[in-house]
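# Reading the structure
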Amino acid sequence: MIEVLDPVRCTSCNICVRVCPTNVFDAVEGDIPVIARHSDCQTCFQCEAWCPADAIFVSPSRTPEPDGSPLRDGEALAARNLLGLYRDRVGWRRGTTSASENLPSTDDYHVWATPLPEGAPR
Amino acid sequence: MSSTSSTANRLTRSARIARAPRPAILQNTGESLQLAADVLVLGGGPAGTWAAIAATEAGARVVLADKGYCGTSGVAATAGVGHWLVPPDVAARDAEIFPREAQGGYLTDRTWTDAVLDEAWYRTELIPGWGYRPATTPPPRLFAQPGRRSFAGTAPDYLRFLRGRTKRGGATILDHSPALELLVDDDGHVSGARGYQRQAGRPWTVTAGAVVLATGGTTWKSHSLGGDVDTGEGHLMAAEVGAHLSSMEFSNFYGMVPLGTSMDKNGFFIAASYWDHHGDPITYRNLHESRAELLAASLRGTVTATFTQFPPEARARVRAGMPNFFMVVDKLGVDPFTDRFPIDWVQEGTVRGTGGVHVLDHDAATGVPGLYAAGDIAARDRIVGSATGAGGPNLAWAVATGTWAGRAAARDATTPAAPARLTPTGTHGLRAPRATASARGGDSWRDVVGVVQGQMHPIAKAAFRDEEGLAASGSLLDERWARPERLVPAAGTGSGEAIRTREAAGMLATARWVIAAARARTESRGMHTRVDHPRTDPAQTHRLLVGGLDETWVRPDPDLPVTGPVPAGAPGPADVKEAS
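The following paragraphs examine the structure supplied in this document. (Residues numbered from 1 in each chain as written. Chains lettered and ligands numbered in written order. Predicted model: local features only at pLDDT ≥ 70, side-chain atom pairs only at ≥ 80, totals over all residues. Heavy atoms only, no water.)

Looking only at helices and strands, one finds five helices and four strands in chain A. For chain A, the N- to C-terminal ordering of α and β elements is β-α-β-β-α-β-α-α-α. Contacts in chain A between residues far apart in sequence, at least 24 positions, make up 49% of those at least 6 positions apart. Of the roughly 6000 Å² of accessible surface on chain A, a fraction of 51% belongs to carbon and sulfur atoms. (Helix = DSSP H or I, 4+ residues; strand = E, 2+ residues; numbered from the N terminus. Contact = heavy atoms within 4.5 Å. Areas by Shrake-Rupley, 256 points an atom, 1.4 Å probe, with all protein chains shown as cover.)

So, in structure tokens, the structure goes:
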């Protein structure tokens with residue numbers, strides 16, 4: 001789900017408001033848009049592709065990231081050039097920056113892959 | 001004429017796309033938007049845009065209304081899929097269609113498959129001449145064959161392009177304008193629709209000589225990639241004016257995703273290696289046809305996967321071929337070529353399943369005067385049977401049926417009556433015969449959505465069915481259907497709340513047809529696994545029609561499947577197999 005809308009990079013162009021297929025954002029007069037209906041986000045990454053300012057990061061999780069998740073840390077993600085990664089990958093980002101090198105490691109993720117102990121019920 | 005000059009001719013023509021006349025504006029105020037058109041298209045994915053393009057090519061005044069934003073809305077816009085293209089050549093068609101007949105449980109119809117492939121072949125040929133230039137070019141296919149052509153509907157370029165092409169043809173696009181109900185004239189001819197513009201905060205009405213439904217399948221909001229806009233109210237609208245459905249038992253296809261994500265791009269999953277929660281390898285037969293082996297393992301513990309099928313030298317090409325999938329695993333820090341990464345499932349309902357509104361002919365007519373259905377809302381059983389239509393067939397179907405529906409709607413469009421002379425047809429989710437102020441609205445749509453998802457999403461219920469479970473699910477759903485007053489929007493039928501209640505009604509209606517059809521098919525075939533009827537019954541080699549609102553009904557489609565001669569030695573429709 002969308003986790004970061006970077007207030008520094010956002011230019012208030014409201015493209016995300018227009019293109020989000022599930023109407024997650026609301027435009028705000030004289031300000032940047034707000035994520036008004038987070039629970040309607042369907043994790044389709046379209047806003048990340050369409051945002052011309054690379055201000056958006058959509059976490060791959062179809063449920064909200066918990067507090068403290070590295071995928072909610074906008075500043076850290078921005079520093080690693082990960083905002084707008086999808087825009088880069090589909091060739092919509094102008095310039096040659098590639099973000100493939102600086103990826104976060106979500107260590108928790110692999111815990112799920114650990115086989116259960118012997119004798120666990122099948 | 002050499003091929004070079006014919007290409008040049010195509011490019012020259014592209015500069016001049018004829019623009020159809022604009023729809024008439026009857027009212028455009030803060031209170032409401034009212035337009036008059038020849039053809040109204042509901043839904044702006046591939047089927048809707050191809051329908052609108054075909055209708056404008058015929059000179060019709062066209063309005064296309066999308067629930068979200070035409071260009072990002074729906075599964076094709078977000079996932080990106082290649083078209084199933086086979087040249088009009090008998091040998092090539094035989095070679096391609098025969099294995100799919102077996103995979104589809106011999107429920108398919110070759111005459112339809114041929115017609116769809118013909119239309120998709122000629123229509124997609126036009127796209128480069130229309131100026132389509134995707135930002136990334138997919139790498140050439142690994143096994144390109146002479147005479148074959150491929151056309152990838154790359155996300156997010158393809159639908160953005162189709163939006164532009166639709167507008168250049170003269171259609172008016174209404175974004176964030178979900179349709180709520182169809183309008184009919186005194187003769188029962190479908191003559192438009194009304195809905196709500198959720199960002200402008202006003203109701204809309206479009207009168208039209210014909211309506212094309214292209215609102216997609218339904219996943220009951222499982223958070224599959226791009227699928228949450230597909231909630232079944234289009235199916236409900238069709239049934240409210242008398243349309244039938246087909247093959248709704250084949251509505252339980254699950255996509256595998258990196259655990260917890262929405263990324264159900266399955267092109268590389270279908271030949272991957274899998275292990276159960278003990279680390280023992282899982283064998284499978286054909287993941288296009290059934291995923292029962294993996295789904296069963298997922299009920300016992302977390303399944304892991306690795307894309308072992310790709311040698312190191314192929315991986316860069318594989319990554320380039322599916323940027324959205326690799327964007328997701330890169331964000332997760334997973335290397336799918338070498339890691340055993342955990343997976344789970346999202347229900348893809350009738351999007352990857354094949355059930356939907358029954359279309360009668362190669363006009364994509366529903367049998368209801370003035371109403372056509374195209375793309376995933378229409379049953380794709382004739383081209384893929386009991387197997388999934390994802391990964392090409394659905395997109396070929398969308399191009400073909402969109403084109404057919406758009407052309408036929410433009411041809412048959414009558415002059416619609418004024419809005420005030422038309423009758424709205426919506427039932428559940430909008431109005432109820434005995435609605436009272438005290439029983440209305442509130443959050444009761446959430447209860448309905450929860451109950452529907454509780455029956456349609458769990459693998460234990462929807463992937464592995466038996467009479468007892470289906471009957472129990474059916475009772476719960478029928479109880480909700482019997483209380484329509486709880487789905488009446490308190491703020492009125494011309495309100496944003498009506499979008500929520502109508503979606504809930506669409507999800508509930510489609511779920512009830514699924515249960516009715518799944519109970520009637522007392523065998524296992526393709527994605528439909530009946531634990532209490534594990535074998536395929538040759539006597540049930542037919543499609544099932546389903547319909548009805550308060551009382552649902554199921555009966556065999558009198559049009560029997562049309563499959564080709566079975567090559568010597570190959571298993572055919574009469575062979576009984578053991579379901580896995």
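Still more ground to cover, so stick around.
The partner chain B presents 56 residues to the 44 residues of chain A that form the contact. Taken together, the two surfaces of chain A and chain B that pack against each other cover about 4200 Å², and 56% of this comes from carbon and sulfur. If you look at where chain A meets chain B, you find four salt bridges. One salt bridge in this structure joins B:D330 and A:R89, with 2.8 Å as the shortest N-O distance. For the interface between chain A and chain B, the tally reads 17 residue pairs in polar contact (both at pLDDT 80 or more). Secondary structure elements with two or more residues in the side of chain A that touches chain B: α1 (15–19), α2 (46–50), β4 (56–58), α4 (85–89) and α5 (107–111) of chain A. Of all the elements, α2(A) adds the most residues to the side of chain A that touches chain B, at four residues. (Buried area = accessible area lost by both parts, 1.4 Å probe. Salt bridge = Lys/Arg side-chain N within 4 Å of Asp/Glu carboxyl O. Polar contact = N/O pair within 3.5 Å; in protein donor to acceptor, adjacent residues only side chain to side chain.)

Residues and elements named next belong to chain A. Inspection of the secondary structure assignment puts D54 in the loop between α2 and β4. Within the local environment of D54, its side chain forms a polar contact with the side chain of R93, the two groups lying 2.9 Å apart. Leaving out residues up to four positions away in the same chain, D54 has contacts with R9, L83, G84, R87 and R93.

If you walk across this open sheet you meet the five strands as β13-β17-β16-β14-β15 (chain B), and the pairing is antiparallel. Strands at the two margins of the open sheet, each flanked by one partner only, are β13 (254–258) and β15 (281–282) of chain B. (Pairing = 2+ DSSP bridges.)

Sheet strands pair by backbone hydrogen bonding; their relative direction is either parallel or antiparallel. Residue and element names in this part refer to chain B. Taken together, the four strands give an open sheet; going across it, the order is β18-β12-β23-β24, and neighbouring strands pair in antiparallel fashion. Whereas interior strands pair on both sides, the edge strands pair on one side only; in this sheet they are β18 (356–357) and β24 (553–556). Here strand β12 (residues 245–246) runs beside strand β23 (residues 544–547); their pairing, made up of two bridges, is antiparallel. Note on β23: the bridge partner recorded for L245 is V546.

To continue, consider the pattern of salt bridges. Residues and elements named next belong to chain B. Per the counting criterion, the structure on display carries 44 salt bridges over all chains. Here R480 ties to D447 by a salt bridge, and the two come within 3.3 Å at their closest N and O atoms. Note that R480 is positioned in helix α16 (residues 467–481) and D447 in helix α14 (residues 444–456), a separation of 33 residues in sequence. Taking the shortest distance from any N to any O, the salt bridge between R519 and E467 comes out at 2.6 Å. Residue R519 is located in helix α17 (residues 497–520), and its partner E467 is located in helix α16; the two are separated by 52 residues in the primary sequence. Exposure remark for E467: the relative accessible area of 30% places this residue in the partly exposed category. (Buried < 20%, exposed > 50% of the residue type's maximum accessible area, 1.4 Å probe, protein only.)

On to helix α6 (residues 157–168) of chain B, then. Residues and elements named next belong to chain B. The first and last C-alpha atoms of α6 sit 17 Å apart over 12 residues, in line with the 16 Å expected at 1.5 Å per residue. Those residues of α6 that sit buried are D157, Y158, L159, F161, L162, R163, R165 and T166. Taken from the residues just after α6, G170 is the one with a positive phi, measuring 110°. (Expected span 1.5 Å × (residues − 1).)

Another aspect to go through is the nonpolar core. Counting residues in hydrophobic clusters, the biggest one holds 113 residues, and the most contacted among them are B:L42, B:Y158 and B:W204. Here this core gets 12 residues from one element, more than from any other, and that element is α17(B). Structurally, this core is a two-domain feature, drawing no fewer than three residues from each of domain 1 (25–251 + 350–423) and domain 3 (437–545) of chain B. Grouped together as the second largest cluster of nonpolar side chains are 69 residues, A:V19, A:C20, B:F307 and B:A462 included. (Core = buried A, V, L, I, M, F, W, Y, C linked by side-chain atoms within 4.5 Å. Domains from an automatic or database assignment.)

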